[in-house]
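Residue-level listing of the chains:
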Amino acid sequence: MTLLYNPQRNRIVCRWTEPVKFVMDKKEGVIDKVRTINVSVNKDGKLKSRDKKRHSEHPMFSYVSLFSDELRKINFFTGERPKGACEHCGAATGVVPHFDMLLKELTWRCADPGECSNNE
């Protein structure tokens, strides 16, 4: 699962994969389907109430809320946005905040992983 902030759209994007069973020509299989929820963020960094109501029961929403809280703690939405370097390639431009689910902390990564010079 990945959590990132999209500065062009002022949204927090949560993406994960789920195994989905399917049947084709009487043969069963499983594919990984990518699921996404997008939550709008106000100028002050709070999640919009409309999206809170829509996604509040979703199991991934607690992570989105935690990510928003972390961004507000570093004053990301007020004044000049702090910048970090990509944790993979060290680039200082074109990076966006991500939320590391295992460590439960804020990280910085290239906005476009395909352009990251040290892509995993």
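In what follows, the structure referred to is the one given above.
A brief structural summary. Because the structure is predicted, anything quoted here is derived from the model rather than measured.

**Describing the overall build of the protein chain**
When you go through the protein chain residue by residue, the secondary structure sums to two helices and five strands. Walking the protein chain from its N terminus toward its C terminus, one meets helices and strands in the order β-β-β-α-α-β-β. With the principal axes as the frame, the protein chain shows a C-alpha extent of 60 × 40 × 25 Å. The buried share of the protein chain, reckoned over its 120 residues, is 34%. For the protein chain, restricting intrachain contacts to residue pairs at least 6 apart in sequence, the fraction spanning at least 24 positions comes to 40%. Side-chain charges of the protein chain comprise 21 positive and 16 negative groups, with the mean position of each set lying 8 Å from the other.

**Quick look at a nonpolar patch on the surface**
Together, Phe22, Met24 and Ile31 make up a nonpolar patch on the protein surface, roughly 290 Å² of accessible area in all. When you line up the elements, phenylalanine 22 lands in strand E2 (residues 11-24).

**Some details on the side chain of histidine 98**
Structurally, histidine 98 is set in strand E4 (residues 95-100). Apart from residues no more than four positions distant in its own chain, histidine 98 is found in contact with Leu3, Leu4, Phe67, Glu105, Leu106, Thr107, Arg109 and Cys110.

**Considering the pattern of salt bridges**
Enumeration over the complete set of coordinates arrives at six salt bridges. The salt bridge partner of aspartate 51 is arginine 54, with a shortest N-O separation of 3.3 Å. With aspartate 51 and arginine 54 both in helix H1 (residues 49-55) and three residues apart, the pair spans about one turn of that helix. Aspartate 51 gets classed as buried once you look at its relative accessible area, which sits at 0%. Overlapping salt bridges bring together Arg50, Asp51 and Arg54 as one network.

**Topic: the environment of glycine 84**
With respect to the element layout, glycine 84 can be found in the loop between helix H2 (61-73) and E4. A sequence separation of 24 residues divides glycine 84 from tryptophan 108, and the C-alpha atoms of the two residues are 5.8 Å apart. What glycine 84 contacts, discounting residues up to four positions off in sequence, is Ala91, Ala92, Val95 and Trp108.

Parameters and conventions
- Residues numbered from 1 in each chain as written.
- Predicted model: local features only at pLDDT ≥ 70, side-chain atom pairs only at ≥ 80, totals over all residues.
- Heavy atoms only, no water.
- Helix = DSSP H or I, 4+ residues; strand = E, 2+ residues; numbered from the N terminus.
- Buried < 20%, exposed > 50% of the residue type's maximum accessible area, 1.4 Å probe, protein only.
- Contact = heavy atoms within 4.5 Å.
- Lys, Arg positive; Asp, Glu negative; His and termini not counted.
- Charge placed at Lys NZ, Arg CZ, Asp CG, Glu CD.
- Patch = residues over 30% accessible without salt bridge, like charges linked within 9 Å, V, L, I, M, F, W, Y side chains within 5 Å.
- Areas by Shrake-Rupley, 256 points an atom, 1.4 Å probe, with all protein chains shown as cover.
- Salt bridge = Lys/Arg side-chain N within 4 Å of Asp/Glu carboxyl O.

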